[in-house]
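Structural characterization, general
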Amino acid sequence: NAGVTQTPKFRVLKTGQSMTLLCAQDMNHEYMYWYRQDPGMGLRLIHYSVGEGTTAKGEVPDGYNVSRLKKQNFLLGLESAAPSQTSVYFCASQPDRGGLKDTQYFGPGTRLTVL
Amino acid sequence: QKEVEQDPGPLSVPEGAIVSLNCTYSNSAFQYFMWYRQYSRKGPELLMYTYSSGNKEDGRFTAQVDKSSKYISLFIRDSQPSDSATYLCAMTGRRGGSNYKLTFGKGTLLTVNP
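Conventions we followed
- Residues numbered from 1 in each chain as written.
- Chains lettered and ligands numbered in written order.
- Predicted model: local features only at pLDDT ≥ 70, side-chain atom pairs only at ≥ 80, totals over all residues.
- Heavy atoms only, no water.
- Contact = heavy atoms within 4.5 Å.
- Buried area = accessible area lost by both parts, 1.4 Å probe.
- Salt bridge = Lys/Arg side-chain N within 4 Å of Asp/Glu carboxyl O.
- Helix = DSSP H or I, 4+ residues; strand = E, 2+ residues; numbered from the N terminus.
- Nonpolar A, V, L, I, M, F, W, Y, C, P; charged D, E, K, R; others polar.
- Core = buried A, V, L, I, M, F, W, Y, C linked by side-chain atoms within 4.5 Å.
- Buried < 20%, exposed > 50% of the residue type's maximum accessible area, 1.4 Å probe, protein only.
- Pairing = 2+ DSSP bridges.
- Axes fitted to C-alpha atoms, helices over the stretch in contact; angles between N-to-C directions.
- Disulfide = S-S within 2.5 Å.

Here we come to the interface of chain B and chain A. Between chain B and chain A, the residue contacts involve 19 residues of the former and 26 residues of the latter. A combined buried area of about 1,900 Å² lies between chain B and chain A, and 57% of that area is made up of carbon and sulfur atoms. At the surface where chain B touches chain A, the tally comes to zero salt bridges. Among the secondary structure elements, those contributing two or more residues to the side of chain B that touches chain A are β4 (32-38) and β5 (45-51) of chain B. Here the side of chain B that touches chain A gets four residues from one element, more than from any other, and that element is β4 of chain B. Of the residues belonging to the side of chain B that touches chain A, the class tally is ten nonpolar, four polar and five charged.

The subject of this paragraph is the nonpolar core. All names here are of chain B. Judged by nonpolar contacts, the single largest core of 24 residues is most densely connected at Trp35, Ile72, Leu74, Tyr87 and Met91. Mapped by element, the contributors of at least two residues to this core are β3 (19-25), β4, β5, β7 (61-66), β8 (71-76), β9 (85-92) and β11 (108-113). Ignoring sequence-local partners within four residues, the contact set of leucine 74 consists of Val19, Ser20, Leu21, Trp35, Leu47, Met48, Phe61, Thr62, Ala63 and Tyr87.

This part covers the pairing of β9 of chain B. Taken residue by residue, a regular strand's side chains alternate between the two faces of the sheet. All names here are of chain B. Burial runs high along β9: eight of the eight residues are buried. Side chains Ala85, Tyr87, Cys89 and Met91 project from β9 onto one buried face, and the interleaved Thr86, Leu88, Ala90 and Thr92 project onto a second face that is buried too. Here β4 pairs with β9 via seven bridges, running antiparallel. The residue of β9 that forms the bridge with phenylalanine 33 is methionine 91. Sheet topology places β9 next to β11; three bridges connect them, and they run antiparallel. Its bridge partner being in β11, alanine 85 is matched across the sheet by leucine 110. Both β9 and strand β10 (residues 103-104) contribute to a ladder of two bridges, which runs antiparallel. Directly across from alanine 90, in β10, lies its bridge partner phenylalanine 104.

Turning our eyes to something else, we now look at the sheet that holds strand β7 (residues 65-67) of chain A. All names here are of chain A. Pairing is antiparallel in the open sheet, where four strands are placed in the order β1-β3-β8-β7. With partners counted over all chains shown, the strands left at the sheet margins are β1 (4-7) and β7, one partner each. Here the strands of the sheet are splayed against their neighbours by 20° on average, with no regard to which way each runs.

Looking now at the state of the cysteines. Enumeration over the complete set of coordinates arrives at two disulfides over all chains. Note on cysteine connectivity: cysteine 23 of chain A is disulfide-linked to cysteine 91 of chain A, with sulfurs 1.9 Å apart. Taking the torsion about the sulfur-sulfur bond, which here is approximately -75°, the covalent link between cysteine 23 of chain A and cysteine 91 of chain A counts as left-handed. Placement of the pair is cysteine 23 of chain A in strand β3 (residues 19-25) and cysteine 91 of chain A in strand β9 (residues 87-94), with a sequence separation of 68 residues. Accessibility assignment for this pair places cysteine 23 of chain A and cysteine 91 of chain A in one class, buried. A disulfide bridge connects cysteine 23 of chain B with cysteine 89 of chain B, and the sulfur atoms are separated by 2.0 Å. Measuring handedness by torsion sign, the sulfur bridge of cysteine 23 of chain B and cysteine 89 of chain B sits at about -100° and is left-handed. Of this pair, cysteine 23 of chain B sits in strand β3 while cysteine 89 of chain B sits in strand β9; the two residues are 66 residues apart in sequence, bridging distant segments of the chain. Neither residue differs from the other here; cysteine 23 of chain B and cysteine 89 of chain B are each classed as buried.

Spelled out as structure tokens, the structure:
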């Protein structure tokens, strides 16, 4: 299993440009999450999904949109990038098997710089 | 008051030292407690997972939960340079639907010097 993969690994955008970050998981997990990680701020939840076709807002959703058309994929979109969105973005997935080990498994991250 | 407080460090210790990492929390509904390890420029990986109060040991790592004090700890025995990483505590309450969301501490940066 590849686990959780993220595409791209690095990206530089200019202010106002748009882009989509792709997260894919091959573990048949129900839940998927998008976080951003900034120095001194820790991990902050942007959006999450509790199943195919569902999405919900997290702690810092403004400026981002998401879609989960397929169970294995979770897309994060930036419609008009701003310098404040410069960050490292992590995707995570989680199973729902009713066991104690049902916790989040993270991808390797996408480093985004907005100039 | 933030839901989860974690001393960001940085913490620097010599190889072989015993390391103690801690988090305090304010939400009494938290029941599931995790420690993640994050190497530089990598994603967090699950290290330890505990439910409710008590201790759990896995090799050189021991996770301890004291729900009465709302305090969790991670102990690393015989620390190695390969333990150098940021350690994040995480916790959640009753499980199901949106309750699967985790609340993270900001992480403690640990360096183990050879």
